[in-house]
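Residues per chain, in single letters:
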Amino acid sequence: AKYAAELARMLVYDVFKEETYSRGLNVYTTIDMGAQKTAVDAVRRQLISYDRKYGYRGPESYIDLGPADKHAENIRAAIAKTTASPFMVAAVVTEADPKVIKAALSANEIVTLDAESLKFGRRHLGKVSKQYQDSALKPGAVIRVMRSADGKHWTLAQVPRVEAAFVAGDFNTGAVRALVGGFDFNLNMFNHATQAWRQPGSSFKPFIYSAALDKGFSTTTIINDAPISIDPRLTGNKLWEPKNYEGRFDGPMPLRIGLEKSKNLVSIRVMQAIGPEYAQEFVRKFGFQPDKHPANLPMALGAGSVTPWQMLGGYTVFANGGYRVQPYLIERVTDVDGRTLMRTTNRTAGDESIRAIDDRNAYIMQSLLHGVATRGTAARASRMLKRGDIGGKTGTTNNSHDAWFCGYAGGLVAVSWMGYDNPKPLGARETGGGLALPVWIDFMKAELKGVPEYTRVMPSSVVERDGEVFYRDPVKGAAGAFSDLLMSGSIQASELVRDQIF
């Protein structure tokens, strides 16, 4: 839990300054080490799986083994210079051809890598093509190896270039139970869970839908999933014609289906109707900074900037009935004699002083997010966990630079993210559902084993009709007042004058 430990150190230093290192402080965190290990393993497994899918890149470096009596000394020096990792150890190739790879783990231990290693590194073995000549597996190559899945063999490995973050907490108290800031703290100390500002993509849509409910939308409001052209005057003199991920338009559909299918054109029309300025201010309720989310239509598609920690706090509001519970890591701090110097007194769900959205909004949003997790882009979550208390949303940004899944089940909310430090495409068909969701599922499968489903009681401010849920008291200026906008095929500058809409 090195990322969590370093974050705790930073937080304590903010208060105690240099006494942090001289006063003999004891810092007790909220981390559950069982959950933490589950999270680390899930993140590592997914990153390695993704990285291996795109092939072996070659050794990290090369050394001259020298004469036989110098082999041990040169191997020892090469391994010592390679940054240590608890997941993958450095080794030096001593023999390599298409039939066998042998590598020294130390000056005195040489192992034969498994058959999978020959498949993984095949392009770099033997008589290699010109493309791979500079990355050939040959004696003197400095490589990484790790234990095979069965734990009985050593296998060829490589440090993933892609990174990830995962953070999970109790959505009623805010206590963070697991925090993973990247593949390996030893190799990259940057904490992607708290420090990485990334585009949330479609995982941000629920906050826009929540704003829409308070403007008179309902789960059955019909919105046209059809091509749309945005006036160049609204986009910096460049015509914008956004598309859906799958490149298909399905025509008029209820708002619920628009979220379940993550239809971009539906979200844009919703944003057009409620107004970007209103949405920008509304997301402040969930802990997001308005200046990180410019008041324009692309905000509906998650074009702003968030951290996974912020997304944890935001989805907590949907999970706990509408309360903005602050995620926190440190439970208490004591001195060398055990006297308590600081103790967290976090306000919890049920405290009306921290209500972010009203109970009817939270309940209907939970219903919408449950639909995503049972019938929509995250249906795999319900199939794998076989629980009825799951809600969440996938997220994939433009050109697949970022992959997300944010959701909750049992008493936990968790956020999973994957992307490159220097943003670039993860792959033509890579999505949040394919990359981030599996980490979330693996974590929840372990942590919720034997845990009863979380029961949400429908508030009196919500009424059910024909299997759908609605506000009991309709909002004035309901969505019918801007039905033309929800079905239109173009957005002109004049249409964004709010006084003309409401």
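Residues numbered from 1 in each chain as written. Predicted model: local features only at pLDDT ≥ 70, side-chain atom pairs only at ≥ 80, totals over all residues. Heavy atoms only, no water.

The next point concerns the packing of helix α9 (residues 308–319) against helix α10 (residues 359–374). At their nearest, the axes of α9 and α10 sit 8 Å apart, and the two run at 105 degrees to each other. Judged on the interaxial angle alone, α10 and α9 are roughly perpendicular. Here Y315, V317 and F318 of α9 come into contact with α10, specifically with A362, M365, Q366 and L369. (Axes fitted to C-alpha atoms, helices over the stretch in contact; angles between N-to-C directions. Helix = DSSP H or I, 4+ residues; strand = E, 2+ residues; numbered from the N terminus. Parallel < 35°, antiparallel > 145°, perpendicular 65-115°, else oblique. Contact = heavy atoms within 4.5 Å.)

On to the sheet that holds strand β17 (residues 412–419), then. Taking strand neighbours across the sheet as the criterion, the 5 strands line up as β9-β8-β17-β16-β15 in an open arrangement whose pairing is antiparallel. Looking along the sheet, the strands with just one partner apiece sit at the ends: β9 (176–180) and β15 (391–396). On average, adjacent strands in this sheet sit at an angle of 5 degrees to one another, irrespective of strand direction. The sheet contact formed by β15 and strand β16 (residues 402–409) spans 6 bridges and is antiparallel. The residue of β16 that forms the bridge with G391 is Y408. (Pairing = 2+ DSSP bridges.)

Before going further, it helps to spend a moment on the side chain of R456. Structurally, R456 can be placed in the loop between α13 (437–447) and β18 (462–465). Among buried Asp, Glu, Lys and Arg side chains, R456 stands out as unpaired, with D389 the closest opposite charge at 5.6 Å. A distance of 2.8 Å separates the side chain of R456 from the backbone oxygen of A319, its partner in a polar contact. Not counting residues within four places of it along the chain, the set of residues in contact with R456 comprises F171, A319, Y363, Q366, D389 and Y408. (Buried < 20%, exposed > 50% of the residue type's maximum accessible area, 1.4 Å probe, protein only. Lys, Arg positive; Asp, Glu negative; His and termini not counted. Salt bridge = Lys/Arg side-chain N within 4 Å of Asp/Glu carboxyl O. Polar contact = N/O pair within 3.5 Å; in protein donor to acceptor, adjacent residues only side chain to side chain.)

Attention now goes to the nonpolar core. If you look at the biggest cluster of nonpolar residues, it comprises 113 residues, and the most contacted ones within it are F166 and W440. Setting aside chain neighbours within four positions, we find F166 in contact with A39, V43, A178, L179, V180, A414, V415, S416, V439, W440 and F443. Core analysis: the next-biggest nonpolar cluster, separate from the first, contains 17 residues, Y56, V93, L105 and W154 among them. (Core = buried A, V, L, I, M, F, W, Y, C linked by side-chain atoms within 4.5 Å.)

A separate point is the side chain of K393. Mapped onto the fold, K393 is located in strand β15. Put simply, K393 is tucked away with no salt bridge, and the nearest opposite charge, on E246, sits 10 Å away. A distance of 3.5 Å separates a polar atom in the side chain of K393 from a polar atom in the side chain of T394.

The next point concerns the layout of surface pockets. For the largest pocket, the calculated volume is near 800 Å³. Taken together, 31 residues make up the lining of the largest pocket; nearest its centre are Y245, N264, T396, T397 and N398. Examining the composition of the lining of the largest pocket, we find that 4 residues originate from one element, β15, more than from any other. By residue class, the composition of the lining of the largest pocket is 7 nonpolar, 17 polar and 7 charged. Of the volumes computed, that of the second largest pocket is approximately 360 Å³. Together, 14 residues line the second largest pocket, and R44, M146, R147, S148 and A149 are the ones closest to its centre. (1 Å grid on protein atoms, 1.4 Å probe; cavity = no way out; pocket = protein on both sides within 12 Å on 5 of 7 lines; lining within 4 Å. Points joined across faces, edges and corners; volume = space filled by probe spheres on them. Nonpolar A, V, L, I, M, F, W, Y, C, P; charged D, E, K, R; others polar.)

For the coordinates displayed, the defined rule picks out 22 salt bridges. Taking the shortest distance from any N to any O, the salt bridge between R144 and E60 comes out at 2.7 Å. With R144 in strand β6 (residues 141–147) and E60 in the loop between α2 (33–53) and β2 (61–62), this residue pair connects regions lying 84 residues apart in the sequence. Note on R144: relative accessible area 3%, which makes it buried. Residue D250 pairs with R248 through a salt bridge whose shortest N-O separation is 2.9 Å. You can call R248 partly exposed: its relative accessible area is 45%. Three or more residues are tied together by salt bridges with common partners; here these are D225, E246, R248, D250, K261 and K263.

Here the focus is the packing of aromatic side chains. Taken as a whole and assessed by the stated rule, the structure comprises 18 aromatic pairs. Seen from their ring centres, F204 and F207 are 5.2 Å apart, and the 55 degrees between their planes marks the pair as tilted. Like F207, F204 is buried. By the ring-pair criterion, three or more aromatic residues cluster together here, those being F204, F207, Y278, F282, F286, F288, Y315 and F318. Between R52 and the ring centre of F120, over which it is positioned, the NZ or CZ distance is 3.9 Å. Over the face of the ring belonging to Y28 we find R332, whose NZ or CZ atom lies 3.8 Å from the ring centre. (Phe/Tyr/Trp six-rings, centres within 6.5 Å; stacked < 30°, edge-to-face > 60°. Lys NZ or Arg CZ within 6 Å of the ring centre and 35° of its normal.)

Across the interface, α2 lies against α13 with an axial gap of 9 Å and an inter-helix angle of 150 degrees. The angle between α2 and α13 falls in the class roughly antiparallel. Where α2 crosses over α13, the handedness of that crossing is right-handed. Contact residues: α2 offers G34, A35, T38, A39, A42, V43, R45 and Q46, while α13 offers P438, V439, D442, F443, A446 and E447. (Left-handed = near helix turned anticlockwise from the far one by under 90°.)

Despite not being glycine, N399 shows a phi value in the positive range, around 60 degrees. Here N399 is to be found in the loop between β15 and β16. Non-glycine residue D466 carries a positive phi angle of around 55 degrees. Structurally, the position occupied by D466 is in the loop between β18 and β19 (468–471).

Where empty space is left becomes clear once a probe the size of a water molecule has been rolled over the atoms. The full count for this structure, using the stated rule, is 3 cavities of 30 Å³ or more. Counted as a void, the largest cavity has a volume near 40 Å³. Lining the largest cavity are G169, D170, G174, L312, T316, V325, P327 and V413. Those elements giving two or more residues to the lining of the largest cavity turn out to be β8 (163–170) and α9. Class assignment of the residues belonging to the lining of the largest cavity gives a composition of 4 nonpolar, 3 polar and 1 charged.

The next subject is the environment of G55. Here G55 shows up in the loop between α2 and β2. Remark: the alpha-carbon pair of G55 and D250, spanning 195 residues in sequence, is separated by 37 Å. Beyond its immediate chain neighbours, meaning those up to four positions away, G55 contacts F120 and Q158.

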